[in-house]
Amino acid sequence: MAPDQHETLPDAVEQLVTFLEGNWDLTADLNLAGADPLTGRLDRAWRRFRQALLVSLQEQEEITGQAAAAAALNSIRTQDMLHRMLDMSTGIRESAVALEHVAEGAQVTAASVGQASGAVQDTLSASALTARSAATIAASTTDMAASLSGVSQQVDRLAVESSRIADLSKVVNKIATQVNMLSLNASIEAARAGVHGRGFAVVATEVRRLADHTAHQAGQIDNVVAEVSGQLSQVSTQVVQGVRQVQALAGAATEASQSAAGIDGLVARISAPFSEVRTTLEEHSATLQQVSAAVQSVSGHIDGLESHLNLVAAESASLLDYTRHAQVGLARFAKGSFMDQVKQLTLRMSDEISQVFAQAVDAGKLALDDVLALEYQEIKGTAIRGLSRLFDVSRVPASGFEPPKFSTRYDAAVDLALRDVLDRYLKALPGLLFTSVMDLNGYQPVSTSNTCRDWTGDFKTDAMNNRLKRFSTDRAQVEAARMGLKVPERLLAQAGSYVRDARSILSREEFTRLGNSLAQDGAAAELYTIQTYASLSGRVATQLAVPVWVGGQRYGACMVGWQPEVRRSK
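Because the structure is a prediction, the values reported are computed rather than measured.

Draft legend 1. Spotlight on the overall build of the protein chain. Of regular secondary structure, the protein chain possesses nine helices and eight strands. Residue burial in the protein chain is summarised as follows: out of 570 residues, 39% are buried. If you take every contact in the protein chain between residues at least 6 apart in sequence, the share linking residues at least 24 apart comes to 75%. Per element, the accessible surface of the protein chain, about 31000 Å² overall, is 56% carbon and sulfur.

Okay, here's the thing in structure tokens:
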């Protein structure tokens, strides 16, 4: 074996050992050259192995990326279906209860209609009775009117007779006066006769007494006749009025009889629909009860479907987790793929971000403790004007931003420099969706220029185009910012679309109490994560994140995102 051949073989072995120890760069040759047959065989074997492994890993990366995108999309759609199913289930349960109430109401209404129908029947009977009574009253008042007419005639005759009695009384009184005069003359003549006239005088005296008594009685008769005559006059007037009233009552009774007959027919016509309505309501009540039972059955099926969807969601989450681990593992090999380029770009961006902080600390613009403090103050009032260096704040109300924005003890000193770094790396590789940086709580001190636009006051517009100085509510990004750290699930809770739950904002002391080390060490140099996630709009994104270190301490992370279908080779 020639000396140069002996020297080439150890060099080749050294390169292989370096590769096997972790420098998994499949894009580099081993430079195995020489006349030695064994070295030549090793070179050819390595090239075949490298090519086969490279093709296999590239295929695995492509398949894993597609699986991750599908799992992410399936996960978000499953969650959306779960929310809709929950709303549907709630609505169906409410509908079932409402149907039961409607069915009960129909039964009550049917009963009420039955009662109403009974009342109508009672009214029908009463109206018939009223008609008969009115007819009877009409007949009776007619008879009464005839009787009163007869009474009036009798009264008139009595008045005539009382007049005659008065005339007779006058005659009697006149006769009594004449008898009294004759008695007086007889007494005078008896006195003249002396003893022979005494007996005649006694008779004359008695006749005079009788005449006086007759005259007195005649006067009494006159008084009585006068009173009777007056009373007969009043009775006659009242009888005439009574006759008129009875005649009017007879006419009204006749009209009432006719009206009662009309009511009788009307009630009869009303009664028939009531019976039909009652029958229909009873049928509807039975139908509603059947529908309610069917709805409850559907609700049970939906509950079962919810359980199934929960299982699908859990399986999708597990699949996403598997693909994430697979993508992280595949990214350890340098394959010359788009993901390799993203990884190298993100590592360089992390270094530059760390340098921005370090230079600000070295220049005395801020202290290291300011960067690591994890303290926030909402921006409102006069503090709003301080952001005019980044975008137009003229439309921001004094009450502050919606969603709210926050400042820290350091962001004003570094945000412009950080934005320049993010903008530059966003343009460094075609196909990127975003570049961002955030601390351990997901706070973004700044964002790229395309998401740092002027404030308009329109919530939807500003939520998308002005994302700096607020907390990210994207769970994938918050988890990426805390990669490698132990944080309980309950502390990842979110309160809404753009406002983080205060429980998920932790201090460095709280991170440490949870068993985390925030100091940079050798293992931290290889720390990175890849996540694929989807939005409700169906947009799928993959992001690669690496930690950001400042002064040997964990600040947070920076990340780069792209669409999964954008996978390019050098």
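Text resumes after the structure shown.
Draft legend 2. Up close: the sheet that holds strand E6 (residues 529-534). Taken in spatial order, the four strands line up as E3-E8-E7-E6 in an open sheet, and their pairing is antiparallel. One side of each edge strand has no neighbouring strand; the edge strands of this open sheet are strand E3 (432-439) and E6. Taking the axes of each pair of neighbouring strands and ignoring which way they run, one obtains an average angle of 25° across the sheet. Bridge analysis of E3 against strand E8 (residues 553-562) gives seven bridges, and the strand direction is antiparallel. By the bridge assignment for E8, Thr-435 is matched with Val-560.

Draft legend 3. Highlighting the pattern of salt bridges. Taken as a whole, this structure holds eight salt bridges when the rule is applied. The shortest N-O distance in the salt bridge between Glu-378 and Lys-380 comes to 3.8 Å. A relative accessible area of 29% means that Glu-378 is categorised as partly exposed. Residue class for Lys-380 comes out partly exposed when judged on its relative accessible area of 42%. Put simply, Lys-469 and Asp-411 hold a salt bridge, and the shortest N to O gap is 2.7 Å. One end of the pair, Lys-469, is in the loop between helix H7 (459-465) and strand E5 (470-471); the other, Asp-411, is in helix H6 (residues 411-428), and 58 residues separate them in sequence. Take Lys-469 and Asp-411: they sit in the same class, and that class is buried.

Draft legend 4. Summary view of the pairing of strand E7 (residues 540-550). Of all eleven residues in E7, eleven are buried, a share of seventy percent or more. Where E6 lies against E7, six bridges are found, and the strand directions are antiparallel. Bridge pairing in E7 places Tyr-533 opposite Ala-541. By the bridge criterion, nine bridges tie E7 to E8 in an arrangement that is antiparallel. Following the sheet pairing, Leu-544 is matched in E8 by Val-560. Following E7, the chain reverses through two residues before pairing antiparallel with E8; Gly-551 in that reversal takes a positive phi of roughly 60°.

Draft legend 5. Unusual backbone geometry, seen in detail. For the bond from Glu-402 to Pro-403, the omega torsion is 5°, close enough to zero to count as cis. Within the secondary structure layout, Pro-403 lies in the loop between strand E1 (377-378) and strand E2 (406-407). Here the phi dihedral of Leu-374 falls at roughly 55°; this positive angle occurs in a residue that is not glycine. Tracing the backbone shows Leu-374 in the loop between helix H5 (368-372) and E1.

Draft legend 6. How the structure looks around the environment of Asp-340. Along the chain, Asp-340 turns up in helix H4 (residues 338-362). The exposure class assigned to Asp-340 is buried, which follows from its relative accessible area of 9%. Residues Asp-340 and Leu-330 lie ten residues apart in sequence; the distance between their C-alpha atoms is 9.6 Å. Not counting chain neighbours up to four residues away, the residues in contact with Asp-340 comprise Ala-331, Phe-333, Ala-334 and Lys-335.

Draft legend 7. How the structure looks around the packing of H4 against H6. The N-to-C vectors of H4 and H6 enclose an angle of 165°; their axes lie 10 Å apart at closest approach. The angle between H4 and H6 falls in the class roughly antiparallel. The handedness of the crossing between H4 and H6 is right-handed. On the side of H4, the interface is formed by Leu-345, Arg-348, Met-349, Glu-352, Ile-353, Val-356, Phe-357 and Ala-360, while H6 contributes Val-414, Ala-417, Leu-418, Val-421, Leu-422, Arg-424, Tyr-425 and Ala-428. Grouping the constituent residues of the contact of H4 with H6 by class yields 13 nonpolar, no polar and three charged.

Draft legend 8. Inspection of the nonpolar core at higher detail. Of all hydrophobic cores here, the largest spans 48 residues; its most connected members are Ile-353, Phe-357, Phe-391 and Leu-432. If you list the elements that add at least two residues to this core, you get H4, H6, E3, E7 and E8. The greatest single-element share of this core, amounting to nine residues, is contributed by H4. Residues contacting Phe-357, with those up to four places away along its chain left out, are Val-371, Tyr-410, Val-414, Leu-418, Val-550 and Tyr-555. One finds Ala-481, Met-483, Ala-541 and Ala-557 within the second-largest nonpolar core, a separate group that totals eleven residues.

Draft legend 9. Fine view of the confidence of the model for the protein chain. With 49% of its residues at a pLDDT of 70 or more, the protein chain shows a mean pLDDT of 74. For the protein chain, the element scoring lowest by mean pLDDT is helix H1 (residues 3-20), at 62; H6 scores highest, at 97. Throughout residues 566-570 the model reports pLDDT below 50, and contacts reaching past four residues in sequence, or to other chains, amount to 19 contacts.

Draft legend 10. Structural context of the packing of aromatic side chains. Tallied over the full model, the rule gives ten aromatic pairs. The structure contains a cluster of three or more aromatic residues connected by ring pairs, namely Tyr-376, Phe-406, Tyr-443 and Phe-471. Between Lys-405 and the ring centre of Phe-401, over which it is positioned, the NZ or CZ distance is 5.5 Å.

Draft legend 11. Highlighting H6. In this model, H6 (18 residues) spans 25 Å end to end at C-alpha, consistent with the 26 Å of a helix rising 1.5 Å per residue. A maximum bend of about 30° is found in H6 at Ala-417. Every buried residue of H6 is accounted for by Asp-411, Val-414, Asp-415, Leu-418, Arg-419, Val-421, Leu-422, Asp-423, Tyr-425 and Leu-426. Where the residues of H6 are buried, they touch H4, E2, E3 and strand E4 (443-444).

Analysis parameters
Residues numbered from 1 in each chain as written. Predicted model: local features only at pLDDT ≥ 70, side-chain atom pairs only at ≥ 80, totals over all residues. Heavy atoms only, no water. Helix = DSSP H or I, 4+ residues; strand = E, 2+ residues; numbered from the N terminus. Buried < 20%, exposed > 50% of the residue type's maximum accessible area, 1.4 Å probe, protein only. Contact = heavy atoms within 4.5 Å. Areas by Shrake-Rupley, 256 points an atom, 1.4 Å probe, with all protein chains shown as cover. Pairing = 2+ DSSP bridges. Axes fitted to C-alpha atoms, helices over the stretch in contact; angles between N-to-C directions. Salt bridge = Lys/Arg side-chain N within 4 Å of Asp/Glu carboxyl O. Parallel < 35°, antiparallel > 145°, perpendicular 65-115°, else oblique. Left-handed = near helix turned anticlockwise from the far one by under 90°. Nonpolar A, V, L, I, M, F, W, Y, C, P; charged D, E, K, R; others polar. Core = buried A, V, L, I, M, F, W, Y, C linked by side-chain atoms within 4.5 Å. pLDDT = per-residue confidence, 0-100. Phe/Tyr/Trp six-rings, centres within 6.5 Å; stacked < 30°, edge-to-face > 60°. Lys NZ or Arg CZ within 6 Å of the ring centre and 35° of its normal. Expected span 1.5 Å × (residues − 1). Bend = angle between axes of the 7 residues up to and from the residue.

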